[in-house]
Amino acid sequence: MDDRISYSSYLKVDELVDLQRPLSRPEHHDETLFIIIHQVYELWFKQLLHELRAVVEALDRDELLRVAKYFRRIHTIQRLLEQQVDVLETMTPQEFNEFRDNLNPASGFQSLQFREVEFLCGVRRMDTLKYITMTDGQRAKLERLANEPSLYDHVKALLERRGFAVDSSEALIESFRRIYVNPDANYDLYLLLEDLIEFDERFILWRGRHVRMVERMIGHKIGTGGSSGAEYLQRTLNHKFFPELWEVRTHLGTGNYAQS
Ligand code: HEM
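Below, the structure is looked at part by part.

Definitions and limits used
Residues numbered from 1 in each chain as written. Predicted model: local features only at pLDDT ≥ 70, side-chain atom pairs only at ≥ 80, totals over all residues. Heavy atoms only, no water. Donors = N, O, S within 2.8 Å, 3.2 Å for Na, K, Ca; no water. Helix = DSSP H or I, 4+ residues; strand = E, 2+ residues; numbered from the N terminus. Near = heavy atom within 4 Å. Polar contact = N/O pair within 3.5 Å; in protein donor to acceptor, adjacent residues only side chain to side chain. Nonpolar A, V, L, I, M, F, W, Y, C, P; charged D, E, K, R; others polar. Buried < 20%, exposed > 50% of the residue type's maximum accessible area, 1.4 Å probe, protein only. Contact = heavy atoms within 4.5 Å.

1. Some remarks on the coordination of the iron atom of the ligand
For step 1, the next point in the chain: Coordination of the iron atom of the ligand by the protein involves just one donor, His-210 (NE2), at a distance of 2.2 Å.
For step 2, the next point in the chain: Inspection of the secondary structure puts His-210 in helix H11 (residues 187-218).

2. Brief notes about the site of the ligand
For step 1, the next point in the chain: For the ligand, the set of nearby residues contains 27 residues, the closest of which are Ser-107, Arg-115, His-210, Ser-227 and Tyr-232.
For step 2, the next point in the chain: Here a nitrogen atom of the ligand sits 2.9 Å away from a polar atom, N or O, in the side chain of His-210.
For step 3, the next point in the chain: For the ligand, an oxygen atom lies 3.3 Å from a polar atom in the backbone of Gly-226.
For step 4, the next point in the chain: Listed by contribution, the elements that provide at least two residues to the shell around the ligand are helix H3 (31-60), helix H7 (112-121), H11 and helix H12 (230-236).
For step 5, the next point in the chain: For the shell around the ligand, a count of residues per class yields 13 nonpolar, 11 polar and three charged.

3. Section: the side chain of Ser-24
For step 1, the next point in the chain: The residue Ser-24 is located in the loop between helix H2 (13-16) and H3 in this model.
For step 2, the next point in the chain: Ser-24 gets classed as buried once you look at its relative accessible area, which sits at 4%.
For step 3, the next point in the chain: Among the polar contacts listed, one links the side chain of Ser-24 to the backbone nitrogen of His-28, at a separation of 2.7 Å.
For step 4, the next point in the chain: Dropping the residues within four chain positions of it, Ser-24 is found in contact with Glu-31, Phe-99 and Asn-102.

Okay, structure coming up:
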């Protein structure tokens, strides 16, 4: 037998293409797409977590060029996540209704990796965990993450090392303002802040894209995960990982340059 590594043994292709198991009987044509798209999202969430952890480590080592490199990839993946909604929208609402009952009560609401991304970045809604069936190990992992410094905390620690005040929301906004009014003085920090806001913006864009798709598919029906559905999702658009970074924009204006 040829035991050299091959495309399919390296990538575990046989296992991978065996992981789609539609529940509808007779099997609904669109259920395969529905399963694959969610699986693809979970793979990208895995990659996002991998990159975000690398960002945190690089921040702690003050390696801002490396952080920029990771963010370039992260933003590209985020664009892809937003665009992938298009594929699912080739399914009509009625086609979805034809197999939706089989999923009940499963929902993206229960995506552990999605919560991990939120927790790592600092949106820590512990109440969302009650909807997720998980092992003790998984729960312990999320609880540990909820008590660890967030991505934002790591950014603040770096700013502090660079002499910027971060001890209150007002101080942070003022530090951001100083960086924004004179980017050349701290160009690496300016780039970091722009990468962070782009990450936040793209995350919210995904949320927005998802909720519009949900409305398009199920209108104002309640979710299979037990929430009010589109109404609940619409409220999540208010979650920001780096609120002061948005707030500082209000405080920028002509004349600030002279004060920096
Ligand atoms: C026909 C397509 C889809 C519909 C109708 C839909 C519907 C919903 C609804 C109603 C919720 C609110 C929770 C609930 O009560 O269930 C939700 C949450 C969620 N869905 Fe989807 N979804 C769809 C596709 C997707 C896809 C492809 C993903 C990718 C992983 C996804 C990820 C999520 C996540 C992460 C949440 C939790 C959001 C949060 O709590 O902030 N959904 N979805």
